[in-house]
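# Summary of structural features
Take a look at the letters that make up each chain.
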Amino acid sequence: MEAIDSIDQSLLRLLQADGRATYSELAGQVGLSVAATKRRIDRLCANGIITGFTAVVDQAKLGWTVEAFTEVRYVGTTTPDDMLRAMSEIPEVDAAYTIAGDPDMLVKLRARDNSHLQDVIKRLRKGRATGTKSMIVLGTYRREG
């Protein structure tokens, strides 16, 4: 894989801030031709550095007003693949991370309200889970770019 230089890093930051930016807009900001900019972005995609382009959605405006993180502990013989597979079956799971130490997994959840969140946590506890601890998000800062 080729090295990433400062222009590639600038392109990555710009695309993270606005994935819909045109090659022309990007080229003007990094000081390259449109063709050279497209080649660099194509290379970043081909090398797996850019894995896709997506829309960022305000879930609260769609009715998913509660966001929470839940620590999950499992029976000692549960494999990380089994943990992740269990999370993939729960539609309210936004992301799940197997982690070192205690707990075994950190899960990011979305729910319509606290009653719905309680139901989701009950479903998390089924199977090989031995315990959970949940924290409701009050505010968010997310680094862009």
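Rules of the game
Residues numbered from 1 in each chain as written. Predicted model: local features only at pLDDT ≥ 70, side-chain atom pairs only at ≥ 80, totals over all residues. Heavy atoms only, no water. Axes fitted to C-alpha atoms, helices over the stretch in contact; angles between N-to-C directions. Helix = DSSP H or I, 4+ residues; strand = E, 2+ residues; numbered from the N terminus. Parallel < 35°, antiparallel > 145°, perpendicular 65-115°, else oblique. Contact = heavy atoms within 4.5 Å. Nonpolar A, V, L, I, M, F, W, Y, C, P; charged D, E, K, R; others polar. 1 Å grid on protein atoms, 1.4 Å probe; cavity = no way out; pocket = protein on both sides within 12 Å on 5 of 7 lines; lining within 4 Å. Points joined across faces, edges and corners; volume = space filled by probe spheres on them.

Once that is clear, we can look at the packing of helix H2 (residues 23–30) against helix H3 (residues 34–46). Viewed as axis vectors pointing N to C, H2 and H3 meet at an angle of 100 degrees, and their least axial separation amounts to 8 Å. It follows that H2 is roughly perpendicular to H3 by the angle criterion. Contacts from Tyr 23, Ser 24, Leu 26, Ala 27 and Val 30 in H2 reach Val 34, Thr 37, Lys 38, Ile 41 and Asp 42 in H3. Here the contact of H2 with H3 is built from residues that sort into 6 nonpolar, 2 polar and 2 charged.

Before going further, it helps to spend a moment on the layout of surface pockets. Size it by volume and the second largest pocket reaches roughly 170 Å³. Surrounding the second largest pocket, Tyr 74, Thr 78, Asp 82, Ala 86, Met 87, Glu 89, Ile 90, Arg 123, Leu 124, Lys 126, Gly 127 and Arg 128 form its lining. Among the elements of the structure, helix H4 (80–88) and helix H5 (114–124) are those that each provide at least two residues to the lining of the second largest pocket. Per-element accounting of the lining of the second largest pocket gives the leading share, 3 residues, to H4. Of the residues belonging to the lining of the second largest pocket, the class tally is 5 nonpolar, 2 polar and 5 charged.

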